[in-house]
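The lines below spell out each chain.
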Amino acid sequence: MEDDRLEMTGPQWMCGELLVQGSKNAALPMLAAMLLVEGVYILHHCPQITDVDHMLELLSDAGCLTHREGHMLIVDTRGADRCSLKGSGAGKMRAGVTLLGSILGRLHAVEIPYPGGCTIGKRPIDLHLKGLQQLGAVFEHKEHTLSGYARKLHGADITLDFPSVGATENILMAATLAEGHTVIRGAAREPEIAALAGFLQKMGAHIEGTGTSVIRVKGVERLHAAEYIVPSDRIVAGTYLLGAVMTGGEIRLLHVPTAHLGILPHILEELGAKVEIQTDQNGIAVKMDGKIQPVPWLATAPFPGFPTDLQSALMAALSIASGPRILEEKIFEARFQVAPELLKMGVGIYTEGSLAVIEGEARLHGAHVRARELRGGAALIMAALAAEGKTDISGMEFVKRGYEDIQGDLKKLGIVLH
Ligand code: UD1
């Protein structure tokens, strides 16, 4: 296997137990939050993925020292006095935009390259900027960078038109050090927001209401460095749970805060799986016998609805059910890039606008396919497990943005790789 390719032969059955890696989407804003105040931070259970590497590049750019020992990450922000980040890290991933709130909070001025990330739609940042402006920031769009300053940040009553995860995080971070009270209405309720708030609270922030759509923050004069454990990745967990369903497997995932899975266990049951939630052990067991039952229509939604990040894996799973199936993508506008690749593997699928229609009952077969973005790449790997014959997947660099060691995980789940 070359570094950017994965070759797999199917069909195979997933069977085994796995400790799930730390969450990408929880770890990234925590790393950004470290720029709010100088000190030495420790993160445990931090995933070893390229998006974290890119965020660390940005922190180094800002003047931080970073040190990793396995899944423990130590970040010393005492020398972080640069508000202008020119590194290429931000251009490589979306989460770089969360540095706006933390750097503004501490240094009152910021300049970052325009954020990148997976090509799944336009991904504007107007809600981030509007919220931060209400806290007192002023922004200037330059050719390649975005710069902002704020003489003083002050509390505000902010209403988000859409519960954007990143905008909620950015405003939350900046509000911790703003003078007075901030209310964020229409806030995102994703578990990663509560995780970030938990980290900020350990740093001394006053935050109430996370997990609901109204978050209240009482600004404090100072924060301090903290140590925290990153929760497990609910999307990685969901990918493997859907993989088990597709392959008629039986797996148990440990270290998964099951409340973070939202509607997913219910959808797995609708697909025909037996699901056992083991709340006391933070685990979930899934067993699949027989054929996948079709879910006629499913739309992605903000948490606790079906996550857009699992839409591609669900598409792969639904492809081997029978009966009409329609997936509606309501969060991002260009998130069906996996569809033409699944077509190569025998899936009768077409897309129109925000809808993907799957017809017939696919007998998946191996093919040369290409991962074009992170979650679509993981979905192709799950499809390859269920497909007859050899599948060659290129573009694995996208998968590494969020999956620490997908080959190692699959081996633990009983899969034989070349
Ligand atoms: C985060 C996650 C990503 C997940 C997404 C939705 C991280 C690092 N990434 O991305 O994995 O798929 O949440 O759960 O946590 N929007 C605007 N204006 C804005 C901000 C967003 O119009 O200022 C739109 C976006 O274009 C998109 C929708 O709102 O259509 C959702 O975006 P948002 O919730 O902000 O996603 P991210 O924070 O980028």
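Look up: the structure comes first, before these words.
First, a word on what this report is: a plain description of the structure on this page.

So, how was this worked out
- Residues numbered from 1 in each chain as written.
- Predicted model: local features only at pLDDT ≥ 70, side-chain atom pairs only at ≥ 80, totals over all residues.
- Heavy atoms only, no water.
- Buried < 20%, exposed > 50% of the residue type's maximum accessible area, 1.4 Å probe, protein only.
- Helix = DSSP H or I, 4+ residues; strand = E, 2+ residues; numbered from the N terminus.
- Pairing = 2+ DSSP bridges.
- Axes fitted to C-alpha atoms, helices over the stretch in contact; angles between N-to-C directions.
- Parallel < 35°, antiparallel > 145°, perpendicular 65-115°, else oblique.
- Left-handed = near helix turned anticlockwise from the far one by under 90°.
- Contact = heavy atoms within 4.5 Å.
- Nonpolar A, V, L, I, M, F, W, Y, C, P; charged D, E, K, R; others polar.
- Near = heavy atom within 4 Å.
- Polar contact = N/O pair within 3.5 Å; in protein donor to acceptor, adjacent residues only side chain to side chain.
- Areas by Shrake-Rupley, 256 points an atom, 1.4 Å probe, with all protein chains shown as cover.
- Phe/Tyr/Trp six-rings, centres within 6.5 Å; stacked < 30°, edge-to-face > 60°.
- Salt bridge = Lys/Arg side-chain N within 4 Å of Asp/Glu carboxyl O.

So, on to helix 4 (residues 99-107). Across the 9 residues that make up helix 4, a large majority, 8, are buried. Phi for His-108, located one or two positions after helix 4, is positive at around 65 degrees.

Taken in spatial order, the 3 strands make up an open sheet running 1-22-21, and their pairing is mixed. The open sheet is flanked by strand 1 (5-10) and strand 21 (368-370), the only strands paired with a single partner. Across this sheet, the average inter-strand angle for adjacent strands is 25 degrees, counted without regard to direction.

Following both chains from N to C, one finds helix 5 (residues 126-134) and helix 6 (residues 165-176) inclined at 20 degrees, their axes separated by 8 Å at the closest point. Here helix 5 is positioned roughly parallel relative to helix 6, judged by the angle of their axes. Handedness of the helix 5/helix 6 crossing: right-handed. Each of Leu-127, His-128, Gly-131 and Leu-132 in helix 5 lies in contact with helix 6, whose residues at this interface are Gly-166, Ala-167, Asn-170, Ile-171 and Ala-174. Looking at side-chain class alone, the contact of helix 5 with helix 6 contains 5 nonpolar, 4 polar and no charged residues.

Lining the immediate surroundings of the ligand are 17 residues, of which Asp-126, Leu-127, Ser-164, Asp-309 and Ile-331 lie closest. One nitrogen or oxygen atom from the side chain of Asn-25 is found 2.9 Å from an oxygen atom belonging to the ligand. In the environment of the ligand, an oxygen atom lies 2.6 Å from a nitrogen or oxygen atom belonging to the side chain of Asp-309. Computed on the free molecule, the ligand has an accessible area of 740 Å², of which 87% lies beneath the protein chains in the complex. At 3 residues, helix 5 tops the list of elements feeding residues into the shell around the ligand. For the shell around the ligand, the per-class residue count stands at 7 nonpolar, 5 polar and 5 charged.

Before going further, it helps to examine the sheet that holds strand 17 (residues 297-299). The pairing of strands in a sheet comes from backbone hydrogen bonds and takes either a parallel or an antiparallel form. The mixed open sheet is built from 4 strands, whose spatial order is 17-18-20-19. Pairing within the sheet leaves two strands with one partner each, and these edge strands are strand 17 and strand 19 (348-352). Across the sheet, the mean angle separating the axes of adjacent strands is 15 degrees when strand polarity is ignored. Alignment of strand 19 against strand 20 (residues 355-359), held across 5 bridges, turns out to be antiparallel. Each residue of the ladder has a partner; that of Thr-351, found in strand 20, is Ala-356.

In this structure, Ser-312 sits in helix 10 (residues 311-318). Not counting chain neighbours up to four residues away, the residues in contact with Ser-312 comprise Val-338, Glu-373, Arg-375, Gly-376 and Ala-379.

This part is about the packing of aromatic side chains. Counted by the stated rule, this structure contains 2 aromatic pairs. Ring centres of Tyr-41 and Phe-199 lie 6.1 Å apart, and the angle between their planes is 50 degrees; this geometry places the pair in the tilted category. Here Tyr-41 is found in strand 3 (residues 40-44), whereas its partner Phe-199 is found in helix 7 (residues 191-202), with 158 residues between them in sequence. By relative accessible area, which is 0% here, Tyr-41 ends up buried. With a relative accessible area of 0%, Phe-199 lands in the buried category. Between the aromatic rings of Phe-199 and Tyr-228, the centroid separation amounts to 5.7 Å while the plane-to-plane angle is 65 degrees, which identifies the pairing as edge-to-face.

Tallied over the entire structure, the rule returns 17 salt bridges. As a salt-bridge pair, Asp-161 and Lys-130 come within 3.4 Å of each other at their nearest N and O atoms. Highlighted residues: Asp-161 in the loop between strand 9 (157-159) and helix 6 and Lys-130 in helix 5, separated in sequence by 31 residues. Assessed through its relative accessible area of 61%, Asp-161 is described here as exposed. When its relative accessible area of 39% is taken as the criterion, Lys-130 is described as partly exposed.

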